[in-house]
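Examining the three-dimensional arrangement
Listed below are the residues making up each chain.
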There are 2 protein chains.
Amino acid sequence: MKSDIEIARSIELTKIKQIAREYGIPVEEISNYGRYIAKVPETLIDEKKVKKSNLILVTAITPTKAGIGKTTVSIGLALGLNKIGKKAFCALREPSLGPCFGMKGGAAGGGYAQVLPMDKINLHFTGDFHAITSAHNMITALLDNYMYQNKDNGFAMKEVLWNRVLDVNDRGLRYIVTGLGGKTNGITRESSFDITPASEIMAILCLAKDEDDLRRRIENILLGFTIDNKPFTVKDLGVAGAITVLLKDALSPNLVQTTEHTPAFVHGGPFANIAHGCNSVLATKLAMTFGDYVVTEAGFGADLGAEKFYNIKCRKAGLQPKLTVIVATAQGLKMHGGVDVDKIKEPNMEGLKEGVKNLDKHIDNLQSFGQTVVVAFNRYANDTDEELDFVRRHCEEIGVGFAINNAFLEGGAGAVDLANLVVDTIEHNPSQPLTFTYDETDSVEEKVTKIACGLYGAKQVLFGPAARKKIQMIKDLGYTHFPVCIAKTQYSFSTDPKLYGVASGFNFAVRDIVINAGAEMLVVVAGEMMRMPGLPKEPQALHIDIVNGEIEGLS
Amino acid sequence: MKSDIEIARSIELTKIKQIAREYGIPVEEISNYGRYIAKVPETLIDEKKVKKSNLILVTAITPTKAGIGKTTVSIGLALGLNKIGKKAFCALREPSLGPCFGMKGGAAGGGYAQVLPMDKINLHFTGDFHAITSAHNMITALLDNYMYQNKDNGFAMKEVLWNRVLDVNDRGLRYIVTGLGGKTNGITRESSFDITPASEIMAILCLAKDEDDLRRRIENILLGFTIDNKPFTVKDLGVAGAITVLLKDALSPNLVQTTEHTPAFVHGGPFANIAHGCNSVLATKLAMTFGDYVVTEAGFGADLGAEKFYNIKCRKAGLQPKLTVIVATAQGLKMHGGVDVDKIKEPNMEGLKEGVKNLDKHIDNLQSFGQTVVVAFNRYANDTDEELDFVRRHCEEIGVGFAINNAFLEGGAGAVDLANLVVDTIEHNPSQPLTFTYDETDSVEEKVTKIACGLYGAKQVLFGPAARKKIQMIKDLGYTHFPVCIAKTQYSFSTDPKLYGVASGFNFAVRDIVINAGAEMLVVVAGEMMRMPGLPKEPQALHIDIVNGEIEGLS
C-alpha cells in the first residue's frame, strides 16, 4: 500500500476552475491560490438552494489510539455519492500545523479518499489560520498597548481575559509572564498562548453569517474588565474594523478537489475538544448552494462534535441535517471493549461485543436530536468477516442502517454501498427537524446538566468556584442565552480520558467557563483541558522532509 | 489629492498572467494568488541573463520624521524607465504587518507610484511572512520539546540563543518567561519574541540561492550550547527537512504590478536597522532574468541599507550594481540642517545648506564602493525653486548627476528625467566592480571598525563584555569569515538617534553580537536596538476599516 502522500502525488489534478465550472460555481467569481485551490466568495450562497440540499453529518464513536478515519469516510461517502450519480460535495475543516508536525498528522483524509493537494492543505493552505493568528495577536498587542499608553490617565484592567495564539504545539507557551524587563516593555502580566484552533476568532469565523456579522462579533469580543468592573470589548478598543480587514479574505471558503476530482470546501478548523469542532457555516452553505448532497463532519466522537454541530452550528445557522452517519471500526470498538491497544488487530469477539455499547450510546444520543442514524463500518485490513457480521447483525437488531466503507483502499467504488444506503435512507426515512438538548432560555447550569447527564451519562454536574463566579458574571452581562460549548477529553464520555466504553454515574466537574461573547457561546471547561497541546518525544516533524524534490512525511 | 488607497482602487488592474506574458515570463510556470498576484518559481533564474541586466540600487539620505519616499522613487524610476522604452522591473521588500498597523503604515510606495494590489501586499500577501513566523516558532517548539523530553537523559542546554517571532508590534513580548505553571509545561526559561522581519529565517530566505541552499542554511542555524558547551543546531534537532517544507512556497518570489501595469517582484522583508534590509536575492535575480533594467532598494539610509546591500547581498550573490541612486528631499535635508520638524515646510536655505552635508557624506560612502551615484530629488508640494536649484547646483559642483522625481503626483511621466539620467549614466559612466569595505578574512573587530570609522565617522569602536565574549565564540566556532550586519538606529550615522546631519568623532559602542550561522552573518548590535517594536499611542489600526465594502486606512 502506498502512503497517503504517494497516493496524493500519483493523482493528476484537475484545474480547480474546471471543477468549479462542472459544478455550476461561476468561475469569474473565484480566486485561484495556485492551480488547484480557490477561494469562493461567501456572497454566492443562495439560501433557497441551501434549503433544498441534503446535508449529511458524519460523526464517530469515541476515538481511541486505534484511529477511526472519520474524514476518510466523509470524503469516501461523497465519492460514493458521486459514483452513483449524485451531485455531492464535502465540507470539511482545515488541518492545523500543530498536530500535523506533532503526533496526529494532517487531516486531509487518507488512502484513496483524500482532499488534494494534501500537502498544501496540510501546510499553509490559503493562510486562513495565519490570518486568524494575526488577528488574535493584533488585538492583544493593541489591548496591552492601550493599557500601557493610558496607565497614567487612570485606566487599568482588573482582569484580562484575552491571551495570544500560535498554530504550533508548544507546551512552553501554556503559562508565561509578559512585559518584563522594564517599564517601556509594557504592563507585566501573567498570560498564555492557546493553539490557533482554540482562538475565539476561529469560532467567530466559523459561525459568522457574512462580513457584517463577522465585524459585529469581533466588536463584541470580551477582552476583560476595567478596574471599575466594566466589561471592555474590541469595540471599546476601537479596532474592530482593522481586525475585520485582517480576516476579510480568510472569511471566504476554500474550494479543493478529492482524489476523484469532485469538489470539497475545506474551511475553518476549530478542534472539537476545546472548541466547537465544525467547519465554517459559510463553507457548508456554499456546498449546499451548489451540491444536492453535502457531506460534512464534526470533530472527535459524537458526544463532542455532533452535539455541538446540532446545538450550536445548526441551531444558529438554521441547518437541518437529513441524516447522521456514525463511523465505527472493529479495532476502536475492541478498545472500548477493554482490549489492549497492542492486541486490537487480533480477532476478539468478546471485546467487540462489549465495545459495541459505546456505539449504542452514541446512537441513542444522536437519535435524541431526532436524527436518523446509519452506521458506516470503516474496514481495516485485519478485520475478520465474523467481526464485521457481528456489527452488521447488531445494527439490524437495533434497527439502524449499516454499510461498509472501503474508500481508503478503493476510493468512491468502496463507498457505493454506503452511498446507496444514505440516499435510500434520506428518501424513505429522513431525520426529523432537530430537537435540541437544551433551550436557549435554560440557565447555564441547566444547559450543562442536560448535556452531561442527558448525553454523557453523568450522575451530576459539579461547578467549581471559578465556574460559579463565571456563571454569575454571565448573568450580569446578559449572556445566559448563549449555547454552551463543552471542552472535555475526546477519549471518554466522562472527563477521565482513561474511561473507555460507556461511562456512567460519574461526577462531571466544571472547572471554568470561558465567555466567547463574539462567537456567542460559553466554553465550559471540564477536567484539565489543554488549550495548547505539547509535542511527543518523537514528533512527526522528524519525518517531514523534501526528498528528490517531493515532500515526504505528511499524512 | 487622493489617498494612496483611493489611487490604488482607481486603477483597473491587468491580470498578472498577462503582465507575465508581456515580459517573457512563462505563464504556465507561475501560480496565481488571486488574479493580480503570482508566485514565480526561482528555478526560472537564468544567470547569463542576470549578468547582462542593469541593476540599479535606490538608497537614501538618513531618514527623519519628514519621510523620504524611497520606495515611491524606486517604483517611479522603474515607471520612468518603462516610459522611455526600457524593459524595467522593480524588486522590492514585502511590508510587515507590525508597522502597517502601528505607526509607519504600509510599504507599497505612494501616490501614482505604487505596487498593486496595495491592500493585499500590505496585509497577508502570499503568506511569506506567516510561513517564516511558523517556521521560526516551530523550531522553538521542537527545541523546547527536545530539552523537555530529554532532560532525564542528561541532556540540557547551557544557553539558548533561539527565541520566537510574531509579525506584530508588541512590546509586551520583548522579555518574557515561558514554561511556567508546572513541570508538564516544559522547561522554565527567559525568552523573547522579535518581530518577524528580524527573524534569522527571514535573512536566510532573502539570501538563499535555491531550495538546497535554503535547507543547508536552516541546518546550520545555531540554537544554543549544550551543558557540555557544544553548539546545538537545527541539524542536531533533526528537523531541517520539516522546516524547509514549511518554507517551500515562501521561497518563490511574488510578482505584482505597478500603478502603470509594469512588473514588480516583491519578496522578503528584513528591516535594515535590525537586519540586512534587502529583498530576496531570488527576486532580484528573477527580475534581472526578465528585465533589462532592475530597480531595487535597500532599507533606511545608505549607511544601513546600501552598505549591507553591497557588503552582504551583492558579495554573496555575485551582483554588480551599475548605478546607485540616492534619494533626498528638501524637508529631510532641512531637518539634518537643524530645522525643527514643525518648520521644514517653510523655505530655509540656511538649514538646507547645512543639511546637504548628510547627503555628501552618504555620496562619499557610496563612491567608496566604486559606485557611480546620482541624486534623485523627491519633490514635495512645498519645495521652492530656490531650494531645488540649490541642491541641483550642489550636485553639479560635486560632479554627481541630479534629477527631480515627481512620480508620486505624475507616475512614470514624473520620473522621465530621472530615467534618462539613469540610462545615460549607465551607458557612459557605469559603476566600477564593487570594492567592499572589508575582506571576509578580516577579524570581526576589523570589519566593524572599517564600517564604523570608515563609513559612519566614528572615532573608535568599543566592544562591550557580551560582544567580546561573542567574538571569542565566533572564533572558536569558525564563523569569523561571515560578513557583519550592523544593527543600529536608522536616524543617525552614530548610535544616538538624536544626532542628525553628520556625526563624527563619536564612540561606537557594540553591545552584543548575534550569530546568524544560517544566514551566514554576524549581527552587531550597537546601542539599544529594539528587535520588537511597540505601538504608538494612536496606532494606525484605529483608522483601518471597511467602509462601503472598501478597505480604508492603509497607506
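Residues numbered from 1 in each chain as written. Chains lettered and ligands numbered in written order. Predicted model: local features only at pLDDT ≥ 70, side-chain atom pairs only at ≥ 80, totals over all residues. Heavy atoms only, no water.

- An unreviewed UniProt entry lists chain A under the name Formate--tetrahydrofolate ligase, with Bacteroides mediterraneensis as the source organism.
- You can read under Sequence similarities (unreviewed entry) in the UniProt record for chain A the words "Belongs to the formate--tetrahydrofolate ligase family."
- For chain A, the Pathway (unreviewed entry) comment in UniProt is given as "One-carbon metabolism; tetrahydrofolate interconversion." (UniProt positions renumbered as here; feature names shortened; annotations may be inferred.)

Details of the interface of chain A and chain B
- Across the boundary between the two partners, chain A contributes 69 residues, which contact 69 residues of chain B.
- Here chain A and chain B share 6 salt bridges between them.
- With its nearest N and O atoms 2.4 Å apart, the salt bridge here joins Asp545 of chain A to Arg215 of chain B.
- Inspection of the region where chain A meets chain B yields 33 residue pairs in polar contact (both at pLDDT 80 or more).
- Looking at the side of chain A that touches chain B, the elements that each hand over two or more residues are β1 (31-32), α5 (97-101), α7 (128-149), β8 (164-166), β9 (176-178), α9 (211-220), α11 (240-247) and β24 (545-547) of chain A.
- The greatest single-element share of the side of chain A that touches chain B, amounting to 10 residues, is contributed by α7 of chain A.
- When the residues that make up the side of chain A that touches chain B are grouped by side-chain class, the tally is 32 nonpolar, 23 polar and 14 charged. (Contact = heavy atoms within 4.5 Å. Salt bridge = Lys/Arg side-chain N within 4 Å of Asp/Glu carboxyl O. Polar contact = N/O pair within 3.5 Å; in protein donor to acceptor, adjacent residues only side chain to side chain. Helix = DSSP H or I, 4+ residues; strand = E, 2+ residues; numbered from the N terminus. Nonpolar A, V, L, I, M, F, W, Y, C, P; charged D, E, K, R; others polar.)

Describing the sheet that holds strand β22 (residues 506-516) of chain B
Residue and element names in this part refer to chain B.
- Strand order in the open sheet formed by 4 strands is β20-β22-β23-β21, and the pairing between neighbours is mixed. The strands lining the two open edges of the sheet, one partner per strand, are β20 (458-463) and β21 (484-487). Sheet twist, expressed as the average angle between the axes of neighbouring strands with direction ignored, equals 35°.
- Bridge analysis of β21 against strand β23 (residues 521-526) gives 4 bridges, and the strand direction is parallel. Within β23, the residue paired with Ala487 across the bridge is Val525.
- Of the strands in this sheet, β20, β21, β22 and β23 are in contact with helix α19 (residues 444-456), which crosses β20 at around 150°. (Pairing = 2+ DSSP bridges. Axes fitted to C-alpha atoms, helices over the stretch in contact; angles between N-to-C directions.)

Focus on the pattern of salt bridges
- Under the criterion given, the structure shown has 53 salt bridges over all chains.
- A salt bridge links Glu520 of chain B to Arg216 of chain B, with the shortest nitrogen-to-oxygen separation between them at 2.9 Å. Linking Glu520 of chain B in the loop between β22 and β23 with Arg216 of chain B in helix α9 (residues 211-220), this pair joins segments that are 304 residues apart in sequence.
- Residue Arg216 of chain B is classed as partly exposed on the basis of its relative accessible area, which comes to 35%.
- Of the charged contacts in the structure, one is a salt bridge between Lys316 of chain B and Glu440 of chain B, with a shortest N-O distance of 2.9 Å. Here the residue Lys316 of chain B occupies a position in helix α13 (residues 302-317), and Glu440 of chain B occupies one in the loop between α18 (416-428) and α19, the gap between them amounting to 124 residues.
- You can call Lys316 of chain B partly exposed: its relative accessible area is 32%.
- Each of Asp144, Arg164 and Arg189 of chain A together with Asp170 of chain B takes part in a single network of salt bridges with overlapping partners. (Buried < 20%, exposed > 50% of the residue type's maximum accessible area, 1.4 Å probe, protein only.)

Let's talk about the side chain of Asp442 of chain B
All names here are of chain B.
- Secondary-structure assignment places Asp442 in the loop between α18 and α19.
- At a separation of 2.9 Å, a polar atom in the side chain of Asp442 contacts the main-chain amide nitrogen of Asp439.
- Once residues lying within four places of it in the same chain are set aside, the contact partners of Asp442 are Lys447, Lys450 and Thr480.

Some words on the sheet that holds strand β13 (residues 231-233) of chain B
Residue and element names in this part refer to chain B.
- Here we have 3 strands laid out as an open sheet, ordered β7-β12-β13, and antiparallel in their pairing. Since the sheet does not close on itself, it has two edges, and those belong to β7 (157-160) and β13, each with one partner. Pairwise comparison of adjacent strand axes, ignoring direction, gives a mean angle of 35° for this sheet.
- Pairing of strand β12 (residues 222-226) with β13 involves 3 bridges; the strand directions are antiparallel. Bridging from a neighbouring strand, Phe225 pairs with Pro231 of β13.
- Contacts from helix α7 (residues 128-149) reach β7, β12 and β13 within the one sheet, and its direction differs from that of β7 by about 165°.
- The strands that helix α20 (residues 465-477) touches are β7, β12 and β13; relative to β12, the one it contacts most, it runs at about 95°.

Considerations on the relation of the copies chain A and chain B
- Between chain A and chain B, the superposition needs a rotation of 180° and an axial shift of 0.0 Å, giving an RMSD of 0.1 Å. Given the turn and translation reported, the copies of this chain are related as if by a two-fold rotation axis. Relative to the rotation axis, the C-alpha of Tyr33 of chain A is the closest in chain A, positioned 2.2 Å from it.
- Comparing interface residues between copies, 100% of those in chain A also lie at the interface in chain B; the contact surface is shared. (Least-squares fit on C-alpha atoms with pLDDT ≥ 70 in both.)

What to know about the pairing of strand β16 (residues 293-297) of chain B
All names here are of chain B.
- Across the 5 residues that make up β16, a large majority, 5, are buried.
- Burial along β16 is two-sided: Tyr293, Val295 and Glu297 facing one way and Val294 and Thr296 facing the other are all buried.
- Alignment of strand β3 (residues 54-60) against β16, held across 5 bridges, turns out to be parallel. Within β16, the position partnered with Val58 by the bridge is Glu297.
- As defined by bridge partners, strand β4 (residues 88-92) adjoins β16 across 4 bridges and the pair is classed as parallel. Paired with Ala91 across the two strands is Thr296, which belongs to β16.

Some details on a positive patch on the surface
- The grouping of Lys15, Lys17 and Arg21 of chain A together with Lys15, Lys17 and Arg21 of chain B at the surface amounts to a positive patch.
- Taken together, the elements giving at least two residues each to the positive patch come down to α2 (16-22) of chain A together with α2 (16-22) of chain B.
- Relative to the assigned elements, Arg21 of chain A resides in helix α2. (Patch = residues over 30% accessible without salt bridge, like charges linked within 9 Å, V, L, I, M, F, W, Y side chains within 5 Å. Areas by Shrake-Rupley, 256 points an atom, 1.4 Å probe, with all protein chains shown as cover. Lys, Arg positive; Asp, Glu negative; His and termini not counted. Charge placed at Lys NZ, Arg CZ, Asp CG, Glu CD.)

With respect to the nonpolar core
- Judged by nonpolar contacts, the single largest core of 400 residues is most densely connected at Phe508 of chain A together with Phe508 of chain B.
- Setting aside anything within four residues of it in sequence, one finds Phe508 of chain B in contact with Val448, Ala452, Tyr456, Ala458, Gln460, Val461, Leu462, Ile486, Lys488, Thr495 and Ala526 of chain B. (Core = buried A, V, L, I, M, F, W, Y, C linked by side-chain atoms within 4.5 Å.)

Quick word on α7 of chain B
- Spanning 22 residues, α7 of chain B covers 31 Å between terminal C-alpha atoms, matching the ideal 32 Å at 1.5 Å per step.
- Judged by how many residues are buried, α7 of chain B sits mostly within the fold: 21 of 22 residues are covered. (Expected span 1.5 Å × (residues − 1).)

Points about the packing of helix α15 (residues 349-368) of chain A against helix α19 (residues 444-456) of chain A
All names here are of chain A.
- Two elements in contact, α15 and α19, have axes separated by 10 Å at closest approach and are oriented at 130°. Judged by the inter-axis angle, α15 sits oblique to α19. In this structure, α15 contributes Lys361, Asn365 and Ser368 to the contact, and α19 contributes Gly454, Leu455 and Tyr456.
- Of the residues belonging to the contact of α15 with α19, the class tally is 2 nonpolar, 3 polar and 1 charged. (Parallel < 35°, antiparallel > 145°, perpendicular 65-115°, else oblique.)

Overview of the UniProt feature "binding site: ATP" (unreviewed entry) in chain A
Residue and element names in this part refer to chain A.
- In the UniProt entry, the feature "binding site: ATP" (unreviewed entry) is given for Thr64, Lys65, Ala66, Gly67, Ile68, Gly69, Lys70 and Thr71.
- The exposure class of Thr64 is buried, given its relative accessible area of 7%.
- Residue contacts for Thr64: discarding those within four places in its chain leaves Gly332, Met335, His336 and Tyr491.
- Tracing the backbone through its elements, the reader meets Lys65 in the loop between β3 (54-60) and α4 (70-83).
- Judged by relative accessible area, which is 67%, Lys65 ranks as exposed.

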